[in-house]
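Read off the chains here:
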Amino acid sequence: MVIFIDRASPGDASEVLALQKLAYQSEAELNGDWTIPPLTQTLSEIQSEFETKVFLKAVCADKIIGSVRATQNSRTCQVGRLIVHPDYQGRGIGTLLMKRIEEAFACAERFELFTSTKSTGNIRLYRRLGYQELYEEDLSPNVRLVFMEKHR
């Protein structure tokens, strides 16, 4: 299996959004909330994110199988929506995408992200990559987020 990591373009928005909606179904089920933002995001909303964020994509056989996006404010890079197609999870693609997005923001002194407190696999991945829990916050009555950070 050959995987390429490359910068996504606005032309990839619909494919990234479709993958996002597929990948976040497990999160919705885990939290009992099908109204989480990754599932309700529209094509025009994700297209406008391309104006302010760097999107990376993992491609295998001309198909996007993973993605991550980030933006930098001051010296902090905010990483969001790491996604990997369910059929390709557990193969290091998420780790590779995270390493590449951190490389893309080489000037950042700090990285911040969040995930559901119920997403133990995600939390384990981020800890392995050097992230530590910072604080928790409720997104909805069913969803509690844990914010994590990593310093260079």
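Here's what I pulled together on the structure shown here. Throughout this document, residue positions are counted from 1 along each chain, in the order its sequence is written. The predicted origin of the model limits local features to residues at a pLDDT of at least 70 and limits the giving and counting of side-chain atom pairs to 80 or more, whereas totals for whole chains, interfaces and linings rest on all residues. Hydrogens and waters are ignored; side-chain quantities use all the structure's heavy atoms.

**Some details on the overall build of the protein chain**
Definition in use: Only DSSP runs of H or I reaching four residues or more are called helices, and only runs of E reaching two or more are called strands; each is numbered from the N terminus. Only protein chains enter the accessibility calculation, which uses a 1.4 Å probe. A residue is then buried if its area is under 20% of the maximum for its type, exposed if over 50%, and partly exposed in between. In what follows, residue pairs with any heavy atoms lying within 4.5 Å of each other are defined as contacts. Method for areas: the Shrake-Rupley scheme with a 1.4 Å probe, in which residue coverage is limited to the protein chains shown.
Of the regular secondary structure elements, the protein chain holds six helices and seven strands. Reading the secondary structure of the protein chain in the N-to-C direction produces β-α-α-α-α-β-β-β-α-β-α-β-β. Overall, the protein chain is about 35 × 35 × 30 Å in size when its C-alpha atoms are taken along their principal axes. For the protein chain, the proportion of its 152 residues judged to be buried stands at 48%. Residue pairs at least 24 apart in sequence account for 59% of intrachain contacts in the protein chain once pairs closer than 6 positions are excluded. For the protein chain, the exposed area adds up to about 8,200 Å²; of that, 48% sits on carbon and sulfur atoms.

**A short note on the pattern of salt bridges**
Quick note on the threshold: Any Lys or Arg side-chain nitrogen found within 4 Å of a carboxyl oxygen on Asp or Glu counts as a salt bridge.
Considering all chains together, one arrives at eleven salt bridges under this definition. In this structure, the salt-bridge partner of glutamate 112 is arginine 110, at a minimum N-O distance of 2.6 Å. In this structure, glutamate 112 and arginine 110 share a single accessibility class: buried.

**With respect to the sheet that holds strand E3 (residues 63-73)**
Defined as follows: Only strands that DSSP links by at least two bridges are regarded as paired with each other. Note on geometry: axes are lines fitted to C-alpha atoms, helical ones only across the stretch in contact, with angles between N-to-C directions running from 0 to 180 degrees.
Read across the open sheet, the seven strands follow the order E1-E2-E3-E4-E5-E7-E6; overall the sheet is mixed. Each edge of the open sheet carries a strand with a single partner, namely strand E1 (4-7) and strand E6 (132-138). Each adjacent strand pair in this sheet contributes to an overall mean axis angle of 25°, direction not counted. Sheet topology places E6 next to strand E7 (residues 144-151); six bridges connect them, and they run antiparallel. Of the residues in E7, the one forming a bridge with glutamate 136 is valine 146.

**Looking at the nonpolar core**
Threshold: The nonpolar core is taken to be a set of buried Ala, Val, Leu, Ile, Met, Phe, Trp, Tyr and Cys residues, with the residues joined through side-chain atoms within 4.5 Å.
Counting 28 residues, the largest nonpolar core has Val79, Leu97, Met98 and Tyr131 as its most contacted members. Sorting the residues of this core by element identifies strand E2 (54-60), E3, strand E4 (76-84), helix H5 (93-104), strand E5 (110-116), helix H6 (120-128) and E7 as the ones contributing at least two each. If we ignore the near neighbours within four places in the chain, the residues touching valine 79 are Val68, Arg69, Ala70, Met98, Ile101, Phe111, Glu112, Leu113 and Tyr131.

**Thoughts on helix H1 (residues 13-23)**
The line we're drawing: Our arc is simply the arc of the directions from the helix axis toward the C-beta atoms.
Buried within H1 are the following residues: Ala13, Val16, Leu17, Leu19, Gln20 and Ala23. Looking straight down H1, one finds that the buried residues subtend no more than 165° of arc, so they occupy a single side. Buried residues belonging to H1 abut helix H2 (25-31), helix H3 (37-40), helix H4 (43-49), E2, E3 and E4.

**Observations concerning the pairing of E5**
What counts is decided by this rule: A crossover counts as right-handed when, viewed with the strands pointing away from the observer, the path leading from the first strand over the helix to the second turns clockwise.
When you tally the buried positions in E5, you get six out of seven residues, the bulk of the element. Inspection of the sheet shows E4 paired to E5 by three bridges, in the parallel sense. Directly across from cysteine 77, in E5, lies its bridge partner phenylalanine 111. For the handedness criterion, the β-α-β arrangement of E4, H5 and E5 is classed as right-handed. Looking at chain direction, E5 and E7 are connected through seven bridges and run antiparallel. Its bridge partner lying in E7, threonine 115 is registered against valine 146.

In short, shape yes, function no, at least from these values alone.
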